[in-house]
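Fold and geometry: a report
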Amino acid sequence: CESAADFEAKFRVLLTKLDVVEHEETWQRIDDALKGLVSLVKAGATKFETFVPTMKPAVKFINSAILSERTRLSGTALMLVEEMSRMMETRFTPLSDLIFPSAMKTCGRANKVFVTRGLKCLTTVITYSHLPEQTPRICDAVITDVNKTVRSSAAKLLMSIVSCCTVPELTQHLPIVEKAIAAGVVDANPDARTTARQSYEIYIKRFSDRVEAFHAGLSSIARKYLKIEDKNSDRPQSRFSAFRQQQQQQQRQPLRDRPIAQRPNAKPAPAAPSGGSGVSQQPGATAAGPAGASNRPKPVRPIARHGPTAVRRDGTSAPLPLTIAEPGLGSAAAVVSISASTSAGDSSAKDAAAGQEPVLTPVAAAAAAAAAPPTLVSRSSSVEQLIMSPRSSKPTLTRLLADDAHVTATAVPGDKPPADSAHASVSPSSTVPASR
């Protein structure tokens, strides 16, 4: 804009486009007119003294666009407000009283797009224009509004007010600001509580002379949330609070400096002998024992050795004697009875020691056969070679086995079988008869 007259001429053209009812066919026309106003503001129209009186007729159309259900139209109107406050700064105050309430209503919308845009617009307006006169409106929303979204947004606007406004601008509004901070600290909305605590931190730094009076008017719950210690209270400190305070005061010891926990059953090391005892230690030995020796002996796990047992007919069991008989000796074989017990029930062991055949039950005989040591039985080399030969035939094998049985039957009782282990077969047995 080259002059105020040029601005007024262009503004009247845009105003005629705004003065229509919003519906499906006209909302695009209103949006274009608002964008034209944004262009005039960026071109420097705010430097003219006639800008505020000229813009006042268009405020109602701007508010209508801000509250529109169309996000695009509402966003353009909020962008116009932001540009005016950025260019006018503190001179935007006359227009803020007309536009600020409508922009606050967008913070209570269900659509988060409206809420985000409205909060961004108002934060920009407060940052550039300060607007301390809007402090009561914002504080009232923090204290009394039923909409939690509005309370949360108002708490953020209050933090902007406390941060941006100067001390003289806020001095007359300090009581309502303190009341809003106290209400926001105990608000049901966690976002509002967090923002109120941030506003409290800024407030006590900027207005340190009012801190004591402000703390005196806080409730006990607000003091607890703000972590304010009650110096005049006679209430004893809880054990948990004392423990936490002690933990904060003490410095945490590093892990590498902490003592290693001792085993509860560890054997303590013997004390070192005194100098007057006359006992001298060997080199390489310590008070706990010789070098390389462990102070605590390692436990030795016992190994259980159980012999075979025979099951009696009455259901009881007893250690079973093991008999080793040499083949070919018949009834006069030397029988060695090995028993792990000398109980009265070991009759089979006594019979075996007397040279008689032991009489066992079927169950005991099977157990004895399974647990008996191996018996060496001689076998002729011809039979062994035939068995090991892949070309052996059944008639030949039968004849050789019969010859081997005949040789065994006619053997002299005093002869012993050859000790050649290569021609020995292993077969467990409790007793060996005289012939096969």
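Small disclaimer: the values here were computed from a predicted structure and weren't measured.

1. Details of the overall build of the protein
Each helix and strand counted, the protein has 19 helices and six strands in total. Every one of the 436 residues in the protein was classed for burial, and the buried ones make up 31%. Looking at the protein alone, contacts between residues at least 24 apart form 65% of all its contacts between residues at least 6 apart.

2. Section: the confidence of the model for the protein
Within the protein, residue pLDDT values average 73, and 54% of them lie at 70 or more. Within the model, pLDDT remains below 50 along residues 322–353, and this stretch shows 55 contacts once partners closer than five positions in the same chain are excluded. Counting interchain partners and residues more than four positions distant, the pLDDT-below-50 stretch residues 417–436 has 37 contacts.

3. Digging into unusual backbone geometry
Among all residues except glycine, the phi angle is most often negative; among peptide bonds, the trans geometry is most common. One non-glycine residue, histidine 130, lies in the positive phi region at around 65 degrees. Its location among the elements puts histidine 130 in the loop between helix H7 (112–129) and helix H8 (135–144). Residues other than glycine seldom take positive phi values, yet lysine 227 does so here, at roughly 60 degrees. In this structure lysine 227 comes out as exposed when scored by relative accessible area, which is 75%.

4. Focus on the packing of aromatic side chains
Working definition: an aromatic ring pair is given by the centre-to-centre distance plus the angle between the planes. Summed over all chains, the structure comprises five aromatic pairs. Here tyrosine 203 and phenylalanine 214 contribute two aromatic rings whose centre-to-centre distance is 5.4 Å and whose plane-to-plane angle is 65 degrees, an arrangement assigned as edge-to-face. Placement of the pair is tyrosine 203 in helix H12 (residues 190–206) and phenylalanine 214 in helix H13 (residues 211–216), with a sequence separation of eleven residues. The pair tyrosine 203 / phenylalanine 214 is uniform in exposure class, with both members buried. Taken together, the aromatic side chains of Tyr200, Tyr203, Phe207 and Phe214 make up a single cluster linked through ring pairs. Positioned above the aromatic ring of phenylalanine 114 is the side chain of arginine 109, whose terminal nitrogen or guanidinium carbon lies 4.4 Å from the ring centre.

5. Considering a nonpolar patch on the surface
Side chains of Val186, Ile221 and Tyr225 sit close together on the surface and give an oily, nonpolar patch of about 260 Å² of accessible area. In this structure, tyrosine 225 sits in helix H14 (residues 220–225).

6. Topic: the nonpolar core
The biggest cluster of nonpolar side chains holds 69 residues, and the ones touching the most others in it are Leu34, Phe51 and Met84. Ranked by residues supplied to this core, first place goes to helix H2 (residues 27–42) with eight residues. With residues near it in sequence (within four places) discarded, phenylalanine 51 still touches Phe7, Val41, Ala45, Thr46, Met84, Met88 and Leu95.

7. Description of the pattern of salt bridges
A pair can form between side chains of opposite charge whenever their charged atoms are brought close. Summed over the entire model, instances satisfying the criterion amount to ten salt bridges. The partner of glutamate 22 in a salt bridge is arginine 70, and the shortest N-O contact between them spans 2.9 Å. Note that glutamate 22 is positioned in the loop between helix H1 (4–18) and H2 and arginine 70 in the loop between helix H4 (59–66) and helix H5 (71–88), a separation of 48 residues in sequence. The exposure class of glutamate 22 is partly exposed, given its relative accessible area of 26%. Residue glutamate 82 pairs with lysine 120 through a salt bridge whose shortest N-O separation is 3.1 Å. Here lysine 120 lies in helix H7 and glutamate 82 lies in helix H5, a separation of 38 residues in the sequence.

8. Structural notes on helix H6 (residues 93–105)
A rise of 1.5 Å per residue sets the reference length of H6, with its 13 residues, at 18 Å; its end C-alpha atoms lie 19 Å apart and thus fit the reference within 8%. Three or more residues of H6 are buried, namely Leu95, Ser96, Ile99, Phe100, Ser102, Ala103 and Met104. Taken together, the buried residues of H6 touch helix H3 (51–55), H4, H5, H7, H8 and helix H9 (148–164).

9. Structural notes on the packing of H8 against helix H11 (residues 174–185)
Axis angle and axis distance: for two packed helices, these are the angle between their axes and the distance between the axes, and together they describe the pair. For the pair H8 and H11, interaxial distance at closest approach is 9 Å and the crossing angle is 25 degrees. Classified by the interaxial angle, the pair formed by H8 and H11 is roughly parallel. As for the relative orientation of H8 and H11, their crossing is left-handed in sense. Contacts between H8 and H11 involve Thr135, Cys139, Val142 and Ile143 from the first element and Ile176, Val177, Lys179, Ala180, Ala183 and Gly184 from the second. Its residues assigned to classes, the contact of H8 with H11 comprises seven nonpolar, two polar and one charged.

Conventions and cut-offs
- Residues numbered from 1 in each chain as written.
- Predicted model: local features only at pLDDT ≥ 70, side-chain atom pairs only at ≥ 80, totals over all residues.
- Heavy atoms only, no water.
- Helix = DSSP H or I, 4+ residues; strand = E, 2+ residues; numbered from the N terminus.
- Buried < 20%, exposed > 50% of the residue type's maximum accessible area, 1.4 Å probe, protein only.
- Contact = heavy atoms within 4.5 Å.
- pLDDT = per-residue confidence, 0-100.
- Phe/Tyr/Trp six-rings, centres within 6.5 Å; stacked < 30°, edge-to-face > 60°.
- Lys NZ or Arg CZ within 6 Å of the ring centre and 35° of its normal.
- Patch = residues over 30% accessible without salt bridge, like charges linked within 9 Å, V, L, I, M, F, W, Y side chains within 5 Å.
- Areas by Shrake-Rupley, 256 points an atom, 1.4 Å probe, with all protein chains shown as cover.
- Salt bridge = Lys/Arg side-chain N within 4 Å of Asp/Glu carboxyl O.
- Core = buried A, V, L, I, M, F, W, Y, C linked by side-chain atoms within 4.5 Å.
- Expected span 1.5 Å × (residues − 1).
- Axes fitted to C-alpha atoms, helices over the stretch in contact; angles between N-to-C directions.
- Parallel < 35°, antiparallel > 145°, perpendicular 65-115°, else oblique.
- Left-handed = near helix turned anticlockwise from the far one by under 90°.
- Nonpolar A, V, L, I, M, F, W, Y, C, P; charged D, E, K, R; others polar.

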